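# Coordinate inspection notes
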Amino acid sequence: MVKLNKKNVLILIPARKNSKAIKNKNILNFYQKKSLTEIAVNFSQKLKLADDIFVSTDSPKIKKIIEKKTNLKIPFLRSKKNSKDKSAVSSVIKETIKKIRNKYLTTYQTIILIEPTCPLRKLKDVINAYKKYKKNNYDCLWTINGINLSYHPNKQLKLKKNQYLQFFNKKGPKITSRQMLEQTYKRNGVCYILKVEKFQKNNSLAMKKTGYYLCEDEMISIDTLEEFNLAKKKFDKNTKYL
């Protein structure tokens with residue numbers, strides 16, 4: 001029986017080549033000729049939490065850029081099957097675990113997912129999130145931000161086919177003041193932390209014991225050109241993110 005090399009933490013950075021809203025989003029110049037992917041790698045290297053850092057990409061161009069500019073080796077590319085618009089991140093994680101196991105006979109206890117699309121993340125948030133994850137023995141942990149009550153689900157509207165307005169939620173008409181609204185939250189993309197053993201059983205980032213870390217600062221998870229430019233403007237004014 002082959003003996004596996006068991007390590008503690010792998011940081012995984014998913015960065016595929018095609019994106020619909022912003023073409024080549026993960027390799028566009030974001031700050032001083034650095035792309036979002038490169039910034040995510042630099043951030044992960046500064047964390048000093050991981051045994052290894054791995055970029056999962058289907059792009060030979062991203063591979064070449066990252067290896068040249070960060071000295072991080074990318075030994076294999078992501079499959080086409082898991083590089084489509086609708087490919088689940090859970091499938092990307094699963095593929096990476098399997099390929100690293102087969103190539104290097106290595107497994108990990110924990111994976112920290114660092115997505116390039118949240119460049120405003122702070123070291124303290126990921127470090128403190130990891131500490132909370134370990135202390136509480138979570139299966140998984142998500143970083144989150146609170147949502148302004150003005151955007152609460154019970155206050156949202158939708159348009160009917162006849163163009164009349166309708167509350168999105170049936171409870172909407174009963175809400176007469178902000179005090180009736182319960183605080184809600186959104187995941188912000190700073191990081192996901194997951195226990196590999198539990199993930200392999202559930203094949204999902206949403207597990208029974210999913211904890212949270214509430215970030216004080218509002219984050220931007222880039223999906224649109226407007227968000228890209230806004231995050232770039234904030235990043236330019238605050239180089240502590242580097």
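As shown above, the structure is provided for reference.
As a starting point, this report considers the structure included with it. (Residues numbered from 1 in each chain as written. Predicted model: local features only at pLDDT ≥ 70, side-chain atom pairs only at ≥ 80, totals over all residues. Heavy atoms only, no water.)

## Looking at the packing of aromatic side chains
Rules: The criterion for an aromatic pair is that two Phe, Tyr or Trp rings (for Trp, the six-membered ring) have centres within 6.5 Å, with stacked assigned to planes under 30 degrees apart, edge-to-face to planes over 60 apart and tilted to the rest. For a Lys NZ or an Arg CZ to count as sitting over a ring, it must be within 6 Å of the ring centre and within 35 degrees of the ring normal.
Counting across every chain of the model gives six aromatic pairs. Counting every residue linked through ring pairs, the aromatic cluster contains Phe30, Tyr31, Phe228 and Phe235. Taking the ring centre of Phe43 as reference, the NZ or CZ of Arg121 above it sits at 5.7 Å. The ring of Tyr212 carries Lys132 above its face, with NZ or CZ at 3.9 Å from the centroid.

## Considerations on the side chain of Asn145
In plain terms, the rule: To qualify as a helix, a DSSP run of H or I must reach at least 4 residues; to qualify as a strand, a run of E must reach at least 2; elements of each kind are numbered from the N terminus. Any pair of nitrogen or oxygen atoms within 3.5 Å is treated as a polar contact; in protein, a donor-acceptor pairing is required on top of that, and neighbouring residues in sequence qualify only through side-chain atoms on both sides. Contacts were defined at the residue level, with two residues in contact if any of their heavy atoms lie within 4.5 Å.
Mapped onto the secondary structure, Asn145 falls in strand β4 (residues 140-146). A distance of 3.3 Å separates the side chain of Asn145 from the backbone nitrogen of Met219, its partner in a polar contact. If we ignore the near neighbours within four places in the chain, the residues touching Asn145 are Tyr185, Lys186, Asn188, Leu214, Cys215, Asp217, Glu218 and Met219.

## Things to note about helix α3 (residues 89-104)
Using the following cut-off: Helix span, as expected, comes to 1.5 Å for every residue beyond the first. Burial here depends on accessible area, computed with a 1.4 Å probe over protein chains only, as a share of the maximum for the residue type. Under 20% is buried, over 50% is exposed, and the range in between is partly exposed.
Over its 16 residues, α3 runs 22 Å from end to end, which matches the ideal 22 Å to within 8%, given 1.5 Å per residue. If you check which residues of α3 are buried, you get Ser90, Val92, Ile93, Glu95, Thr96, Ile97 and Ile100. Each element contacted by the buried residues of α3 is listed here: β1 (5-14), β2 (52-56), β3 (106-113), β7 (185-195) and α5 (196-202). Of the residues flanking the end of α3, it is Leu105, one or two places downstream, whose phi is positive at about 55°.

## Points about the environment of Cys191
For Cys191, the location among the structural elements is in strand β7. Look at Cys191 and you get buried, because its relative accessible area is 1%. The sequence separation of Cys191 and Ile112 amounts to 79 residues, and the corresponding C-alpha distance is 6.6 Å. With sequence-adjacent residues up to four places away left out, Cys191 is seen in contact with Ile112, Leu113, Ile114, Val126, Ala129, Leu141, Trp142 and Thr143.

## Examining helix α1 (residues 36-47)
Think of an α-helix as turning once every 3.6 residues; residues three or four places apart then point the same way. Between the first and last C-alpha of α1 there are 17 Å, a value that for twelve residues agrees with the 16 Å anticipated at 1.5 Å per step. Here α1 lies mainly inside the structure; ten of its twelve residues are buried. Among the residues of α1, those classed as buried are Leu36, Thr37, Glu38, Ile39, Ala40, Val41, Asn42, Phe43, Ser44 and Leu47. Looking one or two residues beyond α1, the residue adopting positive phi is Lys48, at roughly 60°.

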